[in-house]
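The lines below spell out each chain.
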Amino acid sequence: MQLTDTHCHLDYHKFDSDRAEVIQRAIDAGLIRMLVPGLHHRSSRDAVQLAESNSSVYAAVGFHPTDLEEFSEESFQQVKELAKHPKVVAIGEIGIDYYWVKENDKRAFQRDALKQQLQFAKDINKPVIIHMREENDAWFGEASQDLLKILEEWQNSLKGSLAEKPGVLHSFNGTLETAQKGLALNFYIGVTGPVTYKNAEKKREIIQQLPLEKLLIETDSPFLSPKPVREKRNEPSYILHIADKIAEIHSKSPAEIAAITTANAARLFAWGD
Ligand SMILES: [Zn+2]
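Residues numbered from 1 in each chain as written. Predicted model: local features only at pLDDT ≥ 70, side-chain atom pairs only at ≥ 80, totals over all residues.

### Some remarks on the sheet that holds strand β5 (residues 128-133)
Moving on, step 1. Strand order in the open sheet made by the 8 strands is β1-β2-β3-β4-β5-β6-β7-β8, with parallel pairing throughout. Taken across any chain shown, the strands that pair with only one partner, and hence form the sheet edges, are β1 (3-5) and β8 (215-217). Across the sheet, the axes of successive neighbouring strands diverge by a mean angle of 30 degrees, strand direction being ignored.
Moving on, step 2. Relative to strand β2 (residues 31-36), β1 runs parallel, the two sharing 3 bridges. The partner of threonine 4 across the bridge, within β2, is arginine 33. (Pairing = 2+ DSSP bridges. Helix = DSSP H or I, 4+ residues; strand = E, 2+ residues; numbered from the N terminus. Axes fitted to C-alpha atoms, helices over the stretch in contact; angles between N-to-C directions.)

Structure below.
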């Protein structure tokens, strides 16, 4: 089985004591590639360093919407320099988070930082990894509306392969309508551990209606541990539990889901080829 984890924060301090073992366990579990997204300029640098020292690890660089305290022309310039590295395959994770951020001026700042980073992704012709979280974790609200508006405007301005494969809606947690709008803009949809939770019936119904060739599997390690290991720190090797659940939802074998999502990831991120 060949799996790809397109979203794991292996640079996170929770992996400081056993990072090499975590990566080895992932490889032993059948993971052929892991993508580590950046949260700000320092974490982006760490992601690139991990990619440099591990052949199966790749990096994305960018500023997460709740990590914008140090977003400036200077720190953004550092991220732009990092993006030249051959193992940087995307800009992310970037986006909108109205769960943690309630003040209007700070929300406006998030949208501005997102637009600047989308423009940069367009300039260097790389896809984006999009984070979106609603106030009170609602299924739909202002965050979805604002995000879709910004992404639509951006995607309409793209040409060529980036317009066909502009990025992924990471750890998707919206309505079927939002997912369909994302698909209409050619975005992929990222599926994480919560799909395995007992009370996630509505989420599974949505995923069942999405085309398999647009799904990616992400652990979001060390967060969002899937069901059988929910109390533990998440790590890429646990991706099997998510693949199993998608297989069940779509009436396929886990090996088929692994092959399809690995091919999807290769199409979107091209892995530096
Ligand atoms: Zn993340």
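### Points about helix α1 (residues 19-28)
Moving on, step 1. All buried positions along α1 are accounted for by Val22, Ile23 and Ala26. Each buried residue of α1 sits inside an arc of 95 degrees when the element is viewed along its axis, so together they form one side. Turned more than 90 degrees from where α1 packs its buried face, Ala20, Glu21 and Asp28 sit exposed.
Moving on, step 2. Looking at the buried residues of α1, the elements they touch are β2 and β3 (57-61). (Buried ≥ 20, exposed ≤ 12 C-beta atoms within 10 Å, placed from the backbone. Arc of directions from axis to C-beta. Contact = placed C-beta atoms within 7 Å.)

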